[in-house]
Amino acid sequence: MAQSNDSTVTQSGSGQNATVTQPGADNTSDVDQSGANNVADIDQTGTNSISDVTQSGVQGLVLVDQSGSEQTANITQSSPDPGDPSVQAGIQLTQTGSLNTANIDQSGSFSALALSGGLLPNVSPGLIATQNGNGNTQNAIQGGVDNFASNFQNGDDNISTVTQSGIASLASMNQIGNSNTVVGSQSAANANLANTVVAQVGSDNTATFVQDGTTNLGAFSQPLAINQNGNQNTAAATQSGNNDAALIQQNGDLNSSTILQNAGGDGNSATATQNGLDGDSDITQSGTTNIANLVQGGSLNASTIVQDGTSNTAGVTQGGMGDVSGLTQTGTGNMATVTQNVTPP
């Protein structure tokens, strides 16, 4: 007969450790910690179990490992004093099975934190989430100084959503399988670093990301990069601010990519590369010193590049049959190059 256990842990103070291990089905774990240097370690095996962890204070670490199906992890980390630079938070989540759900809420003015033996040095809040199976969902919200969210999903019909607000945000999202979806946004009033890496392998994948801030140019040569490998993929990237850069690369059939950069930014750069059949790409830039590069390989491809400003440069290269390209520039000192390779019938 399956076990059904309920566990409730409430701790206040410093140096608290809560370890919960539950086998079986329909288990419930509720851990509430407040104070400094607290650690919550939850291990659940079975089906239809729920893990709720709430931490408020300084230097909180949450470790959740769930194996089975229809597992739910709700993790909330917050700061009692958002202005305290000593507040740190980290989460490491692993879910194995199908139809699992992870809801992550990290808010506050977090400072640097080395998570789980140095896996994430100098970032806070930090999140490492791994989901293996089908139909899994992850929702992450981060607000702080150095945000880091790393999500890996292996399976079909998985959904990953991340929302980051603060300075120096990094989101790394990797999905392997079919019909997967990635939705994310990075925004802040004075965002200095906003970096996004999305990689999808499979078919019918969708990736949408929005960056809103200034100077979204950081440690990566392409601060926003989306890589898709498969069929019928769709990728859309929107950036608002100065010195933005976006890269979309698609390999497969029936791919579509859209890059939009505006809000008075200058020095923007957009690159879209499509390899396959019947791909569509659209790049729109507003500002000065913008650079757009589009390369398409295959048949029946269509590309549109619109630039508004001065000293813009746009290059379009198409290879295949039945390609259509439209390029519009407004201003002075603009350069446009379009090359089409049409295969004779």
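Conventions used here
Numbering of residues starts from 1 in each chain and follows the order in which that chain's sequence is written. Side-chain atom pairs in this predicted model are given and counted only at pLDDT of 80 or more, local residue features only at pLDDT of at least 70, and totals for whole chains, interfaces and linings cover all residues. Excluding hydrogens and water, the side-chain figures rest on all heavy atoms present in the structure. Helix and strand definitions follow DSSP, with helices as H or I runs of at least four residues and strands as E runs of at least two, each counted in order from the N terminus. Any pair of residues with heavy atoms lying within 4.5 Å of one another is described as a contacting pair. In this description, accessible areas are obtained by the Shrake-Rupley approach with a 1.4 Å probe, and a residue is regarded as covered only by the protein chains that are shown. Partly exposed describes any residue whose relative accessible area lies between the buried limit of under 20% and the exposed limit of over 50%, with all areas from a 1.4 Å probe on protein chains only and scaled to the type maximum. Residues belong to one nonpolar core when they are buried, are Ala, Val, Leu, Ile, Met, Phe, Trp, Tyr or Cys, and are joined through side-chain atoms within 4.5 Å. The pLDDT value tells you how sure the predictor is about a given residue, anywhere from 0 up to 100. When DSSP finds at least two bridges between two strands, those strands are taken to pair. Identification of polar contacts relies on pairs of N or O atoms within 3.5 Å, with a donor-acceptor requirement for protein atoms, meaning one able to donate a hydrogen and the other able to accept it, and with residues adjacent in sequence counted only if both atoms are side-chain atoms.

A. View of the overall build of the protein chain. Counting secondary structure elements, the protein chain contains zero helices and 30 strands. Excluding contacts between residues fewer than 6 apart, the proportion of contacts in the protein chain whose partners are at least 24 apart in sequence is 32%. Just so you have it, the protein chain exposes about 13400 Å², and 53% of that area is on carbon and sulfur atoms.

B. View of the environment of Thr94. Counting through the fold element by element, Thr94 comes out in strand β8 (residues 89-96). Note on Thr94: relative accessible area 26%, which makes it partly exposed. The spacing of Thr94 and Val64 is 30 residues in sequence and 6.3 Å in space, taken between C-alpha atoms.

C. Geometry of the nonpolar core. Within the largest apolar cluster, 40 residues are counted, with the highest numbers of intra-cluster contacts made by Leu93, Ile226 and Ile283. The contacts of Ile283, once residues within four sequence positions are left out, are Ile259, Ala270, Ala272, Ala292, Asn293, Leu294, Thr304, Ile305 and Val306.

D. Up close: unusual backbone geometry. You will see that Asp157, though not glycine, has its phi angle at about 60°, which is positive. With respect to the secondary-structure elements, Asp157 resides in the loop between β14 (147-154) and β15 (159-166). Note on Asp157: relative accessible area 46%, which makes it partly exposed. Within the chain, Leu254 stands out as a residue other than glycine whose phi angle is a positive 55°. Assessed through its relative accessible area of 39%, Leu254 is described here as partly exposed.

E. Highlighting the confidence of the model for the protein chain. Chain-level pLDDT for the protein chain is 82 on average; 85% of the residues reach the 70-or-more range. Across the protein chain, strand β2 (residues 17-23) holds the top mean pLDDT of 95, while strand β10 (residues 113-115) sits lowest at 35. In this model residues 111-122 is a low-confidence stretch, pLDDT under 50, and it forms 34 contacts with partners more than four residues away in sequence or in other chains. Scored below 50 in pLDDT, residues 217-222 makes 13 contacts in the model with residues more than four places away or belonging to other chains.

F. Region of the structure containing the pairing of strand β24 (residues 269-277). Relative to β24, strand β22 (residues 245-253) is paired through nine bridges, and the arrangement is parallel. Residue pairing for β24: Gln250 is matched across the bridge by Gln274. The pairing of β24 with strand β26 (residues 291-297) spans seven bridges and is classified as parallel. The residue bridging Gln274 from the neighbouring strand is Gln296, located in β26.

G. Representation of the side chain of Asn27 in the model. With respect to the element layout, Asn27 can be found in the loop between β2 and β3 (28-36). The exposure class assigned to Asn27 is buried, which follows from its relative accessible area of 0%. Here Asn5 takes part through its backbone nitrogen, which lies 2.6 Å from a polar atom of the side chain of Asn27. Among the polar contacts made by the side chain of Asn27, one reaches the main-chain carbonyl oxygen of Gly24 at a distance of 3.5 Å.

H. Structural context of the pairing of strand β17 (residues 181-187). Taking every second residue as pointing to the same face, the buried face of β17 carries Val182, Gly184 and Gln186, while none of Thr181, Val183, Ser185 and Ser187 on the other face is buried. In terms of strand pairing, β15 meets β17 through seven bridges, oriented parallel. Each bridged residue has a counterpart across the sheet, and for Val162 the counterpart in β17 is Gly184. Note that β17 and strand β19 (residues 206-212) share seven bridges and pair parallel. Bridge pairing in β19 links Ser185 to Val210.

I. Quick look at the side chain of Ser281. Relative to the assigned elements, Ser281 resides in strand β25 (residues 280-288). With sequence-adjacent residues up to four places away left out, Ser281 is seen in contact with Ser257, Ala272, Gln274, Leu294, Gln296, Ala302, Ser303 and Thr304.

J. The environment of Asp156, seen in detail. Assignment of secondary structure puts Asp156 in the loop between β14 and β15. In the structure, Asp156 is positioned 49 residues away from Asn205 in sequence and 10.0 Å away in space, judged by C-alpha atoms. What Asp156 contacts, discounting residues up to four positions off in sequence, is Gly133, Asn134, Gly135, Gly177, Asn178 and Asn180. Polar contacts involving the side chain of Asp156 include one to the main-chain amide nitrogen of Asn178, which spans 2.9 Å.

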